[in-house]
Amino acid sequence: MNPRLSLLQPYPFERLRQLFADITPNPDYAPISLGIGEPKHPTPPFIQQALCDATMGQPGLAGYPATLGEPALRQACADWMQRRYGVTVDPATQVLSVNGSREALFAIAQTVIDPAGDAIVLCPNPFYQIYEGAALLAGATPWYAPSVPERNFAVDWDSVPENVWQRTRLIYVCSPGNPTGAVMPLDEWQKLFDLSDRYGFVIASDECYSEIWFRDQAPLGGLEAAQKLGRNDFRNLLMFTSLSKRSNVPGLRSGFVAGDAELVKSFLLYRTYHGSAMNPVVQKASAAAWNDEAHVEDNRRMYRDKFAQVTPVLAEVLDVALPDAGFYLWAHVGKACGGSDTEFARQLLQQCNVTVLPGSYLARDARGHNPGAGRIRMALVAETEQCMEAAQRIRSFVQSLSS
């Protein structure tokens, strides 16, 4: 067995099951889960129809799919990037279809890390747990850069020592962030590009929440930032995105990677051997989804209405505010339950039958501090009525603790 498997920590939802193992939820309430970030809005019918049509079409399921992705899909992805970001990419050399952003974010580390070296993979803290697992199984050492609440949860890149930057071969960024919802501004991208030029590391930009936002301006993308700064070759930069949140199709497992043509070429080589080609039927449905924006605007409107109703209710009792983007609320529990995010989650489930995810499960203790401690992540993915019911229960729960 690969000895590095033993380095992997239990996934947050496995830890959550263990945390709740001895809890009996209050049977007076129907269960509501805000724990898992799985889109629950209806899948647009035209995507379902495209899937059915592709199954019955030619070649349907009768042929092997191309690892790179069919030209029509890659063109649809490139066209979307032009419409959304004003970014021009060559669909033949700078776009690669992937089976959802998760597997691609994991696989890129296996492509760019020399397992015989002494590499570091840098990631935010808190973070999407795939980054850590990818680093460990690629033979690298993860290093966690903390998010700073006082700066809208911006990552404190300045806290990274020189000797760490010298060994860094890959850096994961997540904008909009999971779980904080923070969007990286242009000056932060400039800083990372300058550091990449100096030390030669690859930037993997996780942008799967990019289409759910609450401000007047859409979140800045990594390739968009590069182009604004004159980096038109996207040197050492790849962006990763997905249809899961944008189009409410997490079961489709469909996304794409775009950016530096040399990195795409190497990633394609890895994936050809890995056997990661997207199902041809899924490719057809994916092209239809990327070519339509009306359903995305409807989806965004639903999230905006939901957050506008839910956030003020929770803000009465918790330190929480509307994020820049994404579908999470990242709340500080304050003095409730002694400030413990795990005890808060346990008592909330027991008394109110509402599930939230402890923030400490999404972060790591680094240099004496876990930046997720004392916080909870709430995924507002269910219908508005259910999320409002959960918010009202949480408000009553916190109020009862101080009465």
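The structure reproduced in this document is the subject of the present report. Being a predicted model, the structure only gives us computed values, none of them experimental.

What counts and what doesn't
- Residues numbered from 1 in each chain as written.
- Predicted model: local features only at pLDDT ≥ 70, side-chain atom pairs only at ≥ 80, totals over all residues.
- Heavy atoms only, no water.
- Helix = DSSP H or I, 4+ residues; strand = E, 2+ residues; numbered from the N terminus.
- Rg over C-alpha atoms; globule rule 2.2 N^0.38 Å.
- Contact = heavy atoms within 4.5 Å.
- Areas by Shrake-Rupley, 256 points an atom, 1.4 Å probe, with all protein chains shown as cover.
- Salt bridge = Lys/Arg side-chain N within 4 Å of Asp/Glu carboxyl O.
- Buried < 20%, exposed > 50% of the residue type's maximum accessible area, 1.4 Å probe, protein only.
- Phe/Tyr/Trp six-rings, centres within 6.5 Å; stacked < 30°, edge-to-face > 60°.

To continue, consider the overall build of the protein. From N to C terminus, the protein includes 14 helices and 13 strands. Relative to the compact-globule value of 22 Å for 403 residues, the protein shows a C-alpha radius of gyration of 21 Å, a close match. For the C-alpha atoms alone, the extent of the protein along its principal axes is close to 65 × 55 × 45 Å. Long-range contacts, defined as pairs at least 24 residues apart, comprise 76% of the intrachain contacts of the protein with a sequence gap of at least 6. Of the accessible surface of the protein, which amounts to about 16,700 Å², a share of 51% is contributed by carbon and sulfur atoms.

Taken as a whole and judged by the stated rule, the model has 18 salt bridges. Where R167 meets D118, a salt bridge forms, and the shortest distance between an N and an O atom there is 3.0 Å. A residue pair is termed long-range when its members are at least 10 positions apart, and R167 in helix α6 (residues 162–167) and D118 in the loop between α4 (101–112) and β3 (120–125) qualify at 49 residues. With relative accessibility at 54%, the residue D118 sits in the exposed group. The residue E389 makes a salt bridge to R393 at a minimum N-O spacing of 2.9 Å.

Before going further, it helps to spend a moment on the packing of aromatic side chains. In total, this model carries 17 aromatic pairs according to the counting rule given. With centroids separated by 5.6 Å and ring planes inclined at 20°, the aromatic side chains of W165 and F201 adopt a geometry described as stacked. On the criterion of sequence distance, the pair formed by W165 in helix α6 and F201 in the loop between α7 (186–199) and β7 (202–206) is long-range, its members being 36 residues apart. You'll find W165 and F201 in the same group, each marked buried. Both rings, one in F256 and one in W290, keep their centres 5.0 Å apart while their planes meet at 70°; by these two values the pair is edge-to-face. In this pair, F256 sits in strand β9 (residues 255–259) while W290 sits in helix α11 (residues 280–290), placing the two residues 34 residues apart along the sequence. Under the relative-accessibility criterion, F256 is labelled buried at 0%. Among the aromatic residues, those joined into a cluster by ring pairs are W80, Y85, F256 and W290.

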